[in-house]
Amino acid sequence: MFKQIELSYDFKDLEPHIDELTMHTHYSKHHATYTNNLNAALEKAPELSGKTIEEIFTSLDSLTDEAQKNAIRNNGGGFYNHNLYFDTMSPKGGGHPEGKLAEQITKDFGSFDVLKEKLTAAATTRFGSGWAWLSANKAGDLKVTSSPNQDNPIMETKGEWTPILGIDVWEHAYYLKYKNLRVDYVKAFFDVTDWNKVAANYKEVTA
Ligand code: MN3
């Protein structure tokens, strides 16, 4: 049974950047539904039982039933991507990364400002629903990409790249407050990004 992460903050705590109703709906409805649907789909896929979610993402091609594969891909992505998303936001967020992650950002992108520009571009040019990502590989390299729907870099690269930060650009993540202004939501997301958590994720991928 996969479970949603528990939030270390209240729904209202990310105000004014991310509003309480959006947080409540996003976590208690959208994320809960993905998680429940993933667990339900896995009950009918005994060959995947006991696997981690990352192992499931890299085993999707072994499923021959297209409907089952799509259910596990979409709901598994929805489960995992939102765990990452909610875990890397904090009322004490914002600011900039430090330590090894900061050094690598300078190496791979030139500066933290350039990284934010690249993430903003990935988020705002993703057509329709999807995600913008900062990912790392085991060697410690970083890259910015985007994915459609609930896909993620683990699925797309067979586990070579792991996201350490994800920006949800589905309209349900911002429409109540920001309407059509996705770029303003992305700016606000950076005001609550927990770079300490992102650095911890980076450390885990590269350990
Ligand atoms: Mn979402």
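Scroll up to find the structure this text is about.
Numbers given to residues run from 1 along each chain, matching the order in which its sequence is written. Since the coordinates come from a predicted model, pLDDT governs what is reported: local features require at least 70, and pairs of side-chain atoms require 80 or more to be given and counted, while whole-chain, interface and lining totals use all residues. By convention in this description, side-chain values take in all heavy atoms of the structure and omit both hydrogens and water.

Colleague: Would you explain the packing of helix H4 (residues 99–109) against helix H9 (residues 195–206) in this entry?
Modeller: A pair of packed helices can be characterised by two numbers: the angle between their axes and the separation between those axes. All axes are obtained by fitting lines to C-alpha atoms, using only the stretch in contact for helices, and the reported angles, taken between N-to-C directions, cover 0 to 180 degrees. In this text, helices come from DSSP runs of H or I with a minimum length of four residues, and strands from runs of E with a minimum of two, each type numbered from the N-terminal end. The N-to-C vectors of H4 and H9 enclose an angle of 85°; their axes lie 8 Å apart at closest approach. Here H9 runs roughly perpendicular to H4, going by the angle between their axes. Along its contact with H4, which presents Lys 100, Leu 101 and Gln 104, the element H9 presents Trp 195, Val 198, Ala 199 and Tyr 202. Here the term charged refers only to Asp, Glu, Lys and Arg, the term nonpolar to Ala, Val, Leu, Ile, Met, Phe, Trp, Tyr, Cys and Pro, and the term polar to all other amino acids, Gly among them. The residue makeup of the contact of H4 with H9, split by class, is 5 nonpolar, 1 polar and 1 charged. To sort the angles, those under 35 degrees are grouped as roughly parallel, those over 145 as roughly antiparallel, those from 65 to 115 as roughly perpendicular, and the leftovers as oblique. Should any heavy atoms of two residues lie within 4.5 Å, those residues are counted as being in contact.

Colleague: Explanation requested: the coordination of the manganese ion in the structure shown.
Modeller: Reference geometry at the metal: tetrahedral coordination by four donors gives ideal angles of 109.5 degrees; octahedral coordination by six donors gives 90 or 180 degrees. Metal donors were taken as nitrogen, oxygen and sulfur atoms no farther than 2.8 Å from the ion, or 3.2 Å where the ion is Na, K or Ca. Water is excluded, so coordination may look unfinished. Protein coordination at the manganese ion: the donors are His 26 (NE2), His 82 (NE2), Asp 168 (OD) and His 172 (NE2), at 1.9 to 2.1 Å from the metal. Each donor residue of the manganese ion lies on the same chain, and together they follow the pattern H-x55-H-x85-D-x3-H. Of this pair, His 26 sits in helix H1 (residues 20–43) while His 82 sits in helix H3 (residues 66–87), placing them 56 residues apart in sequence. Judged on exposure class, the residue His 26 and its partner His 82 are both buried. Relative accessible area decides the class of each residue, using a 1.4 Å probe on protein chains only: under 20% of the type maximum gives buried, over 50% gives exposed, and in between gives partly exposed.

Colleague: Help me out: how do you make sense of the pairing of strand E3 (residues 162–168) in this one?
Modeller: Among the 7 residues that make up E3, 6 are buried, leaving the element largely enclosed by the rest of the structure. Here, a strand pair is defined by DSSP locating no fewer than two bridges between the strands. Where strand E1 (residues 130–136) and E3 come together, 6 bridges link them in antiparallel fashion. Looking across to E3, one finds that Ala 132 is bridged to Ile 167.

Colleague: Mind showing me how you'd approach the packing of H1 against H3 here?
Modeller: Where H1 meets H3, the axes come as close as 8 Å, and the angle between the chain directions of the two elements is 140°. The orientation of H1 relative to H3 falls into the category oblique. Every pair of crossing elements has a handedness; the one defined by H1 and H3 is left-handed. Where H1 abuts H3, its residues Met 23, His 26, Tyr 27, His 31, Thr 33, Tyr 34, Thr 35, Asn 37, Leu 38, Ala 41 and Leu 42 lie against Gln 68, Ala 71, Ile 72, Asn 74, Asn 75, Gly 76, Gly 78, Phe 79, His 82, Asn 83, Tyr 85 and Phe 86. Of the residues in the contact of H1 with H3, the class split is 11 nonpolar, 12 polar and no charged. Left-handed is the label given to a crossing in which the near helix is rotated counterclockwise from the far helix by less than a right angle, and right-handed is the label when the rotation is clockwise.

Colleague: Any chance you could explain the packing of aromatic side chains here in plain terms?
Modeller: Two descriptors summarise a pair of aromatic rings, namely the distance from one centre to the other and the angle between the planes of the rings. For Phe, Tyr and Trp, where Trp contributes only its six-membered ring, two rings pair if their centres lie within 6.5 Å, and the inter-plane angle classes them as stacked under 30 degrees, edge-to-face over 60, or tilted in between. Taken as a whole, this structure holds 13 aromatic pairs when the rule is applied. A ring pair is formed by Phe 2 and Phe 79, whose centres lie 5.2 Å apart and whose planes are at 50°; its orientation type is tilted. Of this pair, Phe 2 sits in the segment before H1 while Phe 79 sits in helix H3, placing them 77 residues apart in sequence. Accessibility expressed as a relative area gives 18% for Phe 2, which makes it buried. Each ring, one from Phe 57 and one from Tyr 80, has its centre 5.4 Å from the other, and the planes form 85°; the classification is edge-to-face. Taken as a pair, Phe 57 in helix H2 (residues 53–58) and Tyr 80 in helix H3 lie far apart in primary sequence, 23 residues in all. Residues Phe 57 and Tyr 80 agree in their burial class; the two are buried. Grouping aromatic residues by their ring pairs yields a cluster made of Phe 11, Tyr 27, Tyr 85, Phe 86, Trp 131, Trp 133, Phe 189 and Phe 190. Against the face of Phe 190 rests Lys 116, its NZ or CZ located 5.7 Å from the ring centre. Geometrically, a charge over a ring is one whose NZ (Lys) or CZ (Arg) sits within 6 Å of the ring centre while staying within 35 degrees of the ring normal.

These results come straight from atomic positions and should not be treated as a statement about function.
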